[in-house]
Amino acid sequence: MKRDHPKRIRDTVYVIGAGFSAGLGYPLTKSLLIDVWNRLDKPSRQQLRKIVAFHHPGFSVDRNTSFPDIEQLLTEISVNLDLFDASRPAEGTFTRKQLETSREELLSTIAAWFHELYKEACDTAWLSGIVKRLIEEKAIVVSFNWDLVLDQQLFKMGLDASSYGLADDLPSGPVLLKPHGSLNWYDATQIQKVAEEKRIELFPHTREKERIEAFLHPRAIKSSVGRKYTPLIVPPTYLKDFNRPVFRRLWNRCTDVLSTPQKLVFLGYSLPAADLHAQFIFRCGFHNQLKGRLRKDGGRHAPTGAAEVIVVNPDQEAAKRIEAVAGPEIPFTWIPKRIQDWLK
C-alpha cells in the first residue's frame, strides 16, 4: 500500500506533570494525602482513618512516614469496593456507602483546595515565560494535571472545545489536552441548573451524562446556595478508568500528537512506574514516530521520524523512565533543572 508524505500534526509538543504544578505551589502526589489530611472535616478524617488503618495496620496520623501514597490508598479503596460482596457474608458495621463517601469527600476536599491555590499560582513569576513560549510555538500541551492555571493563561476568555482538543479539528494555536480530566469539566447532569451564559459545551453526546460542559471561569465546587458539583477528574489509582467517550477521544488525540512532533519536551513529568496507561500511550507515540501512524484503512501514514526528546526535571530516575520508554532510536536529552531555572 502506498504511503502518503510525512505530515506533522504539530512541530512542538509539551508534556507536563505534577512537578510543573508543584512549581506553582500545588502539592506533589507523593505528599498529597499528608497535606490534605487536616483540611478534611473531623467526621471525614475519623472515617478515613479507619479505612487507612485497615489497609495499613501500622498507620498513625502522628507519623507522616506511615501515610500511604494517595495513589495506593485510592487503589486499595477501589479493590475494597470491587470485592466488597465477595469478601464477606454480610455488610457489617462499615458499609459500602461509607467507603464510597470517604473516597468522594477526599477527592472533593482536594479539588476545593486546588481551587483555593489557583489565584496565587497564577501570580508565579516564571509562569508568563512558559505561557509566552507555548503561544509563540503554537504548541500542543499534554497535561496530566487537573488544575486550571494553563487553561486560563493560554485561552483567557476564549475557552471552548477546540482549546482542549475536543473539537473535530485542531485549531492553529496552542491546544491543551488533559487526559486525566480537569477541575472545570462536568457531565451535563451536574451543572444543568447553572445559567447557560456561565458554561459551555465541550463534548456533545446523545446521553446527557456523557455530554461534557465547563464553567467559563474557575469557580469552587460548591455554589453560593450550597449545591455541590463533582468535577470530571480521574483519581490517581493504579487501575484508572478511561471508558467514558470523552476520555477515549482524548487518549486517541494524545496518541496522534505524540506520534509526529519534531520536538517533545517533558516539564516536571515523571512518568510514574505504576501509570501503565501513560506508558502505553507514549510507547505508541514513539513507535509511530518511526513506523508511521495507523490509518483507518489499516495502513500507516508516512513516518515523520524520531522526535528530539528533552526532559526538564531534577529527578534522574524520572528521566531514566522516560528514556527507557522512548527507546534507543529516539534522541534524548536530560536537563537536571527546575522549570523556572531552565527558562532563565
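Conventions used here
Residues numbered from 1 in each chain as written. Predicted model: local features only at pLDDT ≥ 70, side-chain atom pairs only at ≥ 80, totals over all residues. Heavy atoms only, no water. Helix = DSSP H or I, 4+ residues; strand = E, 2+ residues; numbered from the N terminus. Rg over C-alpha atoms; globule rule 2.2 N^0.38 Å. Buried < 20%, exposed > 50% of the residue type's maximum accessible area, 1.4 Å probe, protein only. Contact = heavy atoms within 4.5 Å. Areas by Shrake-Rupley, 256 points an atom, 1.4 Å probe, with all protein chains shown as cover. Lys, Arg positive; Asp, Glu negative; His and termini not counted. Charge placed at Lys NZ, Arg CZ, Asp CG, Glu CD. Pairing = 2+ DSSP bridges. Axes fitted to C-alpha atoms, helices over the stretch in contact; angles between N-to-C directions. 1 Å grid on protein atoms, 1.4 Å probe; cavity = no way out; pocket = protein on both sides within 12 Å on 5 of 7 lines; lining within 4 Å. Points joined across faces, edges and corners; volume = space filled by probe spheres on them. Nonpolar A, V, L, I, M, F, W, Y, C, P; charged D, E, K, R; others polar. Phe/Tyr/Trp six-rings, centres within 6.5 Å; stacked < 30°, edge-to-face > 60°.

The number of helices and strands found in the protein chain is eleven helices and nine strands. Relative to the 2.2 N^0.38 estimate, which gives 20 Å for 344 residues, the radius of gyration of the protein chain is 21 Å and therefore close to what a compact globule would have. Overall size of the protein chain, expressed as C-alpha extent along the three principal axes, is 65 × 45 × 45 Å. Burial status across the protein chain gives 50% buried among its 344 residues. A fraction of 69% describes how many contacts in the protein chain between residues 6 or more apart in sequence connect residues 24 or more apart. Accessible surface, the protein chain as shown: approximately 16900 Å² in total, 51% of it carbon and sulfur. Positive and negative charge centroids in the protein chain, built from 49 and 41 side chains respectively, lie 1 Å apart.

Moving on: the sheet that holds strand β9 (residues 332–335). With parallel pairing, the six strands of this open sheet are ordered in space as β3-β2-β1-β7-β8-β9. This sheet does not close on itself; its edge strands, each paired only once, are β3 (175–177) and β9. With strand direction ignored, the average angle separating the axes of adjacent strands in the sheet is 15°. The pairing of strand β2 (residues 140–143) with β3 spans three bridges and is classified as parallel. Bridge pairing in β3 places Ile140 opposite Val175. Sheet strands in contact with helix α9 (residues 276–291) are β1 (12–16), β7 (263–267) and β8 (308–312), and its direction is about 160° off that of β7.

This brings us to empty space enclosed by the protein. One pass over the full model with this rule turns up two cavities of 30 Å³ or more. Approximately 50 Å³ is the volume attributed to the largest cavity. In this structure, the largest cavity is lined by Ile16, Phe20, Ser21, Ser143, Asn145, Asp147, Leu150, Asp151, Leu176 and Lys178. Contributing elements (two or more residues each) for the lining of the largest cavity: α1 (18–22) and α7 (149–155). Of the residues contributing to the lining of the largest cavity, the split by class is four nonpolar, three polar and three charged. Looking at the second largest cavity, its volume works out to about 30 Å³. Along the walls of the second largest cavity sit Leu40, Ser44, Leu48, Ser102, Glu105 and Leu106, which together make up its complete lining. Among the secondary structure elements, those contributing two or more residues to the lining of the second largest cavity are α3 (42–55) and α5 (96–122). Per-class residue counts for the lining of the second largest cavity are three nonpolar, two polar and one charged.

The next point concerns the layout of surface pockets. In this structure, the largest pocket spans a volume of roughly 1000 Å³. Residue lining of the largest pocket: 41 residues in total, with Ala18, Gly19, Leu28, Thr29 and Ser270 positioned closest to the centre. Elements represented by at least two residues in the lining of the largest pocket include exactly α1 and α11 (339–342). The biggest single contributor to the lining of the largest pocket is α1, with five residues. Volume-wise, the second largest pocket comes out at about 810 Å³. As for the second largest pocket, its lining consists of 26 residues, of which Arg103, Leu107, Ile233, Val234 and Pro235 are closest to the centre. The set of elements that each furnish at least two residues to the lining of the second largest pocket consists of α4 (70–82), α5 and β4 (185–187). In terms of residue count, the dominant contributor to the lining of the second largest pocket is α5 (six residues). Across the lining of the second largest pocket, the residue classes tally to eleven nonpolar, six polar and nine charged.

A few words now on the environment of Glu197. For Glu197, the location among the structural elements is in the loop between β4 and β5 (199–203). Accessibility expressed as a relative area gives 61% for Glu197, which makes it exposed. Sequence separation of Glu197 and Phe215 is 18 residues, and the distance between their C-alpha atoms is 9.3 Å.

Moving on to the environment of Lys7. Assignment of secondary structure puts Lys7 in the segment before β1. The sequence separation of Lys7 and Thr260 amounts to 253 residues, and the corresponding C-alpha distance is 7.4 Å. Apart from the residues within four sequence positions on either side, Lys7 is in contact with Thr260 and Thr304.

What follows is about the packing of aromatic side chains. All chains considered together, the criterion is met by 17 aromatic pairs. A centroid spacing of 5.9 Å and a plane angle of 50° characterise the contact between Tyr269 and Phe282, whose relative ring orientation is tilted. Separated by 13 residues along the polypeptide, Tyr269 in the loop between β7 and α9 and Phe282 in helix α9 bring together distant segments of the chain. The exposure class assigned to Tyr269 is buried, which follows from its relative accessible area of 4%.

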